[in-house]
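# Observations on the three-dimensional arrangement
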Amino acid sequence: MKRNYSAFSEDIPPYSGPKAARETHADLKQLSAIPGHIYRSPELQILPGQRRFSKMPWLVPMLELLPPTSIGHLKEWGLSTVFMLAKNYNKLVHVWESVTAMVELWHPQTNSFIFPEFEATILLEELEIMLGLPRYQRGDELTISYTVDQINSWSILEYITTKKNDLYSMTSGMHVHLLPIAQWITSQCKRKTTNYTAIAKAAAICICGVILFPESDGAISFGNHSIIDSISEGMKIGQAVLGFLNAGQTSAALGGPFYGSIVALELWMGMHIQFQPVEDLTTECKTMLNHPLAYVGGRLHMSTRAWCKRLK
């Protein structure tokens, strides 16, 4: 059951900064003073919502059919890393025990993890680097204009298809379903059509829905659908991805379902939580073998040998 944070926010002691929080861990755990916080539920075994992050049997076969031109569009839009993670999504292993431990340390008021001697949070710059997303530059906000209008997912999807039956199957309520979009992509690729941009836009919805905005089983909200569509127009979406993840951690910390980019969270955990080498350096750590870090190259690459993740 989701809890309304605003209803009891006035009962939470005002945050007085990290110095005061470091006085003692007991005092720092203002988390225990937040009604409904899962820190007060030691009996919790399964993080609410974790079953939503199941494997997608349709994802990889669809991606393997994409024409090179469509893949080129995805790369132009800054989705190379997201595309690569999506192609390996069914191999990824989420360590929910670690994720649950982090959510237990999440403070909804500060959007940070409260450790005994310090606080930490995911920075926008980190998230953009980890996921290879186009990065905000100082001053970009001055060149962006926002138009407030009702989101019409049908008008966005009509760039992909104008068939009413397809549009009805792709949407319901306030959500867009990914499987019908993937089926449309598969159909277009097998027929060898030349709708390369439309195929790329549809593929972006699928891979971003799975990697960046996972919310419910095989579906994304109209709002996130609109954000994903803006990628092809050159918009930066890092803030939206981070905000959605933070909102999901707050939801889980207050007893609701977890949602948001679990891949981004585990990448951040893998970079910042201390690792301990195993005794046998020829041993491959099975956790790292299928950890998201194992699939992210460049400066984020970490060998699957010799290192096992252990929270200290």
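Going by an unreviewed UniProt entry, the protein chain carries the name Aminotransferase-like plant mobile domain-containing protein and comes from Colocasia esculenta.

## A short note on the nonpolar core
One recurring pattern in soluble globular proteins: nonpolar side chains tend to sit buried together. Within the largest apolar cluster, 80 residues are counted, with the highest numbers of intra-cluster contacts made by Leu66, Ile185 and Leu212. Take this core: its biggest share by element is twelve residues, from helix 12 (residues 196-211). Those residues in contact with Ile185 that lie beyond four places of it in its chain are Met62, Leu66, Ile199, Ala202, Ala203 and Cys206.

## Examining helix 15 (residues 262-272)
The buried fraction of helix 15 amounts to nine of the eleven residues, a majority that puts the element mostly inside the structure. Turning to helix 15, its buried residues are Ile262, Val263, Ala264, Leu265, Glu266, Leu267, Trp268, Met269 and Gly270.

## Observations concerning the sheet that holds strand 2 (residues 112-114)
Strand order in the open sheet formed by three strands is 1-2-3, and the pairing between neighbours is antiparallel. Each of the sheet's edge strands pairs with one partner strand only, and the pair in question is strand 1 (106-107) and strand 3 (119-120). Across two bridges, the pairing between strand 2 and strand 3 is antiparallel. Across the sheet, the residue bridging to Ile114 is Glu119, located in strand 3.

## A short note on the packing of aromatic side chains
Each aromatic ring pair is summarised here by two numbers: the centre-to-centre distance and the angle between the ring planes. Scanning all chains against the criterion turns up five aromatic pairs. Taking the centre distance of 6.0 Å and the plane angle of 85° together, the rings of Trp96 and Phe258 count as edge-to-face. In this pair, Trp96 sits in helix 7 (residues 96-104) while Phe258 sits in the loop between helix 14 (238-253) and helix 15, placing the two residues 162 residues apart along the sequence. Summarising the burial analysis for this pair, Trp96 and Phe258 share the class buried. Look at Phe113 and Trp268: their rings are 5.4 Å apart centre to centre, the planes differ by 25°, and that puts the pair in the stacked class.

## Looking at helix 13 (residues 222-229)
Of all the residues in helix 13, the buried ones are Phe222, Asn224, His225 and Ile228. Summarising the axial view, the buried residues of helix 13 lie within an arc of 160°, below the 170-degree limit, and thus occupy one face.

## Observations regarding the packing of helix 8 (residues 124-131) against helix 14
Two quantities define a packed helix pair, namely the angle between the helix axes and the distance between the axes. It is at 9 Å that the axes of helix 8 and helix 14 come closest, and there the two elements cross at 105°. Judged by the inter-axis angle, helix 8 sits roughly perpendicular to helix 14. Contacts between helix 8 and helix 14 involve Leu124, Leu127, Glu128 and Leu131 from the former and Gly238, Gln239, Val241 and Leu242 from the latter. Classifying every residue of the contact of helix 8 with helix 14 gives five nonpolar, two polar and one charged.

## Remarks on the sheet that holds strand 4 (residues 171-172)
Here we have three strands laid out as an open sheet, ordered 4-5-6, and antiparallel in their pairing. What marks the edges here is a single partner per strand, and that holds for strand 4 and strand 6 (219-221). When strand 5 (residues 175-177) meets strand 6, the two strands line up antiparallel, connected through three bridges. Counted as the bridge partner of Val176 is Ile220 from strand 6. Relative to the sheet, helix 13 contacts strand 4, strand 5 and strand 6, its axis offset from that of strand 6 by approximately 90°.

Procedures and definitions
- Throughout, residues of each chain are indexed from 1 in the direction in which the sequence is written.
- pLDDT decides what is reported in this predicted model: residues at 70 or higher carry local features, side-chain atom pairs at 80 or more are listed and counted, and totals for whole chains, interfaces and linings draw on all residues regardless.
- Only heavy atoms go into the side-chain values, all of them from the structure, while hydrogens and water stay out.
- Among the buried residues, those of types Ala, Val, Leu, Ile, Met, Phe, Trp, Tyr and Cys that are joined through side-chain atoms within 4.5 Å form a nonpolar core.
- Working definition: with a 1.4 Å probe on protein chains only, accessible area under 20% of the residue-type maximum means buried, over 50% means exposed, and in between means partly exposed.
- Segments assigned H or I by DSSP are reported as helices when at least four residues long, segments assigned E as strands when at least two residues long, and all are numbered from the N terminus.
- In what follows, a contact means two residues having at least one pair of non-hydrogen atoms within 4.5 Å.
- One bridge is not enough; two strands pair if DSSP finds at least two bridges between them.
- Two rings from Phe, Tyr or Trp (for Trp, the six-membered ring) form a pair when their centres are within 6.5 Å of each other. A pair whose planes differ by under 30 degrees is stacked, one over 60 is edge-to-face, and the rest are tilted.
- It is the directions from the helix axis to the C-beta atoms whose arc is reported.
- Angles here are taken between N-to-C directions and fall from 0 to 180 degrees, while the axes themselves are lines fitted to C-alpha atoms, restricted in helices to the stretch in contact.
- Comment on the angle field: the value is read as roughly parallel under 35 degrees, roughly antiparallel over 145, roughly perpendicular from 65 to 115, and oblique elsewhere.
- Just so you know the grouping, Ala, Val, Leu, Ile, Met, Phe, Trp, Tyr, Cys and Pro go in nonpolar, Asp, Glu, Lys and Arg go in charged, and all remaining residues, Gly too, go in polar.

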